[in-house]
Amino acid sequence: MAVLATIIVLGVLIFVHELGHFWAAKAVGIGVERFSIGLGPRVAGFTRGETEYVLSAIPLGGYVKMSGMDDEVMEKIEGGRPGPERVKTDRDFDSKPVWARAVVISAGVIMNMLFAFATYAAVAAYWGDAAPATNRVGEVRAEILPAGTAELALIPAGSEMLRIGDREIENWGDVERALFELPSGPTTIVLGSPAAEVRISLPQGDEARQQLYRAVEFWLEPAFSVVNPRSPADRAGIEPGDRVLSAHGQEVRVWGDFVAVIQSRPGLETDLEILRDGEVLAVTVVPEAAEQIDPRTGQPRTVGQIGVLQAIDEVVYSRVGPLEAMGIGWDRTVFTTRLILGFLRDLVTGGVSPRSVGSIVTIGEASGQAADQGMDVFLSFMALFSVNLAILNLLPIPVLDGGHLVFLAIEAVRGRALSVEQRMRFSQVGFFVIIGIMLWALSNDFMRLFGL
């Protein structure tokens, strides 16, 4: 399953990316000599019109070979051989204005982002908007409650929300809609287990409503759905499906209890009791130190993280219309983009370990885990990975799209392009940087596989 899922993810997303370059090149009148899925020697293919369509041996990328695009480094990567001296024409890449070439270079990234948006929207339109099936309160973060809602902090963990204003509550989607849609002003919340009532004043403005929603968290069992490869949890032997019974000698009832212990112990050995297939196991994990903004003070703080995602036992889906599905697609694409940019920032600043970077092995494991959880989860993973591919391609490294855009920006500023020799030298450096990153990521995976 993992191998098949990886082939599908890489194949589809590489095709989408290169299709963007292909369509854009055709649109601005650039000739396309070859469209390849994969790198290296040709395995199969056919020619139609001026373009050779190729499936190549190494399934770790793809390329669109455009007329007049001088790049010997890419020829080596692609597995092709430089041809004889050719006569320049107005259909060459280098003959087009800077704006046209920038459109062509950017089109792959744009297509990946559009694919993510369309996939997130399609999942919402077909399956509906997913929400946890529970109506139980897990934790109320008193430090970020907006004015007029302080009584929410009195709700004990595990209480059921039965009604908010005139809205009956059956699941957390009902809670979200009530908190966002009810009119501002005095509102009564009816609770069960134990029975109680809480009176608050719903605030005005979208920002305050979002803050209120973030402050009230739903009940989450302290169990894991995903264990990140090479993470402290993975090195400790923790597996998806494990449930935490205690952490550092403290009973763990809800996910928030577990997070509080882990965050308080960066770099310290922490004993966990976990339940796996009816058997209680003892494991020791060392949370990695990470920088995080303290929601109470707004100042950075160091917390512990072990690289897991919590499990949601059951979700319910509410039907949404086409426009609402598009809104969900947009919101999730923006959220994913911010998430990945934040990871890259933390990687540069030391907020996350360099060992968090993985290679094709990590992609395969994550693809397999997503496929095991159902088609909606798998498609959402593909959307996330599509955003990841887009952002990585924008890095200003020669041979990547971002590097080519830097060349075009230099040309636009100085009024003339860098010489072929200059671009070759930069591209060779970029090529070795990419190879270095790939070897680094692959070594991380092998060290993890051998428990190092």
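Look above for the structure.
Residue numbering note: each chain is counted from 1, following its sequence as written. Local features in this predicted model are restricted to residues whose pLDDT is 70 or higher, and side-chain atom pairs enter the listing and the counts only when it is 80 or higher, whereas totals over whole chains, interfaces and linings include all residues. As a convention, hydrogens and water are excluded, and side-chain values are obtained from all of the structure's heavy atoms.

## Here's the deal with the side chain of Asp376
Along the polypeptide, Asp376 turns up in helix α10 (residues 375-393). Burial classification: accessible surface area is computed with a 1.4 Å probe over protein chains only, and a residue below 20% of its type maximum counts as buried, one above 50% as exposed, and the rest as partly exposed. None of His or the chain ends enter the tally, which takes Lys and Arg as positive and Asp and Glu as negative. Salt bridge, as used here, is a side-chain nitrogen of Lys or Arg placed within 4 Å of a carboxyl oxygen of Asp or Glu. Buried charge Asp376 goes without a salt bridge, the closest partner of opposite sign being Arg332 at 8.3 Å. Any two residues whose heavy atoms approach within 4.5 Å are treated as being in contact. Among all residues touching Asp376, those that are not within four sequence positions of it are Val123, Trp127 and Tyr317. Starting at the N terminus, helices and strands are each numbered in turn, a helix being any DSSP run of H or I of at least four residues and a strand any DSSP run of E of at least two.

## Description of the pattern of salt bridges
Should the charged atoms of two oppositely charged side chains come close, the side chains can pair. Inspection of every chain in the model, using the stated rule, returns 16 salt bridges. One salt bridge in this structure joins Glu50 and Lys26, with 2.9 Å as the shortest N-O distance. In this pair, Glu50 sits in the loop between β1 (32-48) and β2 (51-66) while Lys26 sits in helix α1 (residues 2-27), placing the two residues 24 residues apart along the sequence. For Glu50, a relative accessible area of 37% corresponds to the partly exposed category. Note that Arg332 and Asp129 form a salt bridge whose closest N and O atoms lie 3.1 Å from each other. Here Arg332, found in helix α8 (residues 322-349), pairs with Asp129, found in strand β3 (residues 129-132); they are 203 residues apart in sequence, far enough to count as distant. Classification of Arg332 as partly exposed rests on a relative accessible area of 27%. Salt bridges sharing common partners tie together Lys26, Glu50 and Arg91.

## As for the packing of helix α4 (residues 172-181) against helix α5 (residues 206-215)
Working convention: axes come from line fits to C-alpha atoms, limited for helices to the stretch in contact. Angles between N-to-C directions cover 0 to 180 degrees. Viewed as axis vectors pointing N to C, α4 and α5 meet at an angle of 150 degrees, and their least axial separation amounts to 9 Å. Put simply, α4 runs roughly antiparallel to α5. Every pair of crossing elements has a handedness; the one defined by α4 and α5 is right-handed. Two secondary-structure elements touch here, α4 through Trp172, Glu176, Leu179, Phe180 and Glu181 and α5 through Arg209, Gln210, Leu212 and Tyr213. Any residue outside Ala, Val, Leu, Ile, Met, Phe, Trp, Tyr, Cys, Pro, Asp, Glu, Lys and Arg is labelled polar, Gly included; the first ten of those are nonpolar and the last four are charged. Looking at side-chain class alone, the contact of α4 with α5 contains 5 nonpolar, 1 polar and 3 charged residues. An angle below 35 degrees is read as roughly parallel, one above 145 as roughly antiparallel, one from 65 to 115 as roughly perpendicular, and any other as oblique. Put simply, a crossing is left-handed when the front helix is turned counterclockwise from the back one by less than a right angle, and right-handed when it is turned clockwise.

## Observations concerning the environment of Gly38
Secondary-structure assignment places Gly38 in strand β1. Remark: the alpha-carbon pair of Gly38 and Val54, spanning 16 residues in sequence, is separated by 8.2 Å. Not counting residues up to four positions away in its chain, the partners in contact with Gly38 are Ser56, Ile58, Pro59, Gly61, Gly62 and Tyr63.

## Points about helix α7 (residues 255-263)
Along an α-helix, residues three or four apart share an orientation, since each turn contains 3.6 residues. Of the positions making up α7, those classed as buried are Trp255, Phe258, Val261 and Ile262. Angular distribution of buried residues about the axis of α7 spans 130 degrees; they occupy a single face of the element. Here the arc refers to the directions that run from the helix axis out to each C-beta atom.

## Overview of the packing of aromatic side chains
Between 30 and 60 degrees the pair is tilted, below 30 it is stacked and above 60 it is edge-to-face, where a pair is any two Phe, Tyr or Trp rings, Trp via its six-membered ring, whose centres lie within 6.5 Å. For the structure shown, the criterion picks out 13 aromatic pairs. On the basis of an interplanar angle of 45 degrees and a centroid distance of 6.2 Å, the ring pair of Phe407 and Phe426 is categorised as tilted. Of this pair, Phe407 sits in helix α11 (residues 401-414) while Phe426 sits in helix α12 (residues 420-449), placing them 19 residues apart in sequence. An aromatic cluster is built from Phe15, Phe22, Phe35, Phe46 and Tyr53, whose rings are joined through pairwise contacts. Stacked on the ring of Trp219, the Lys or Arg Arg136 has its end atom at 4.0 Å from the ring centre. By definition here, charges over rings are those cases where NZ of Lys or CZ of Arg is within 6 Å of the ring centre and within 35 degrees of the ring normal.

## Notes on the environment of Val3
Take Val3: it is sitting in helix α1. We classify Val3 as exposed; its relative accessible area is 61%. Measuring from C-alpha to C-alpha, the distance between Val3 and Ser201 comes to 53 Å, with 198 residues separating the pair along the chain.

## Side note on unusual backbone geometry
Along the chain, Ser193 connects to Pro194 via a cis peptide bond; the corresponding omega equals 5 degrees. Secondary-structure assignment places Pro194 in the loop between β7 (185-192) and β8 (196-202). The backbone of Ser193 sits at a positive phi, close to 55 degrees, despite the residue not being glycine. Positive phi outside glycine occurs at His248, with the angle close to 50 degrees. On the basis of relative accessible area, His248 is assigned to the partly exposed category, the value being 40%.

## Describing the side chain of Arg101
Relative to the helices and strands, Arg101 resides in helix α3 (residues 98-127). Residue Arg101 is classed as buried on the basis of its relative accessible area, which comes to 6%. Here the side chain of Arg101 touches Lys96 through a polar contact of 2.8 Å, landing on its backbone oxygen. Residues within four places of Arg101 in sequence aside, it is in contact with Phe93, Asp94, Lys96, Leu408 and Glu411. We define a polar contact as two N or O atoms separated by no more than 3.5 Å, with the added condition that, inside protein, one atom must be a possible hydrogen donor and the other a possible acceptor, whereas residues neighbouring each other in sequence contribute only through side-chain atom pairs.

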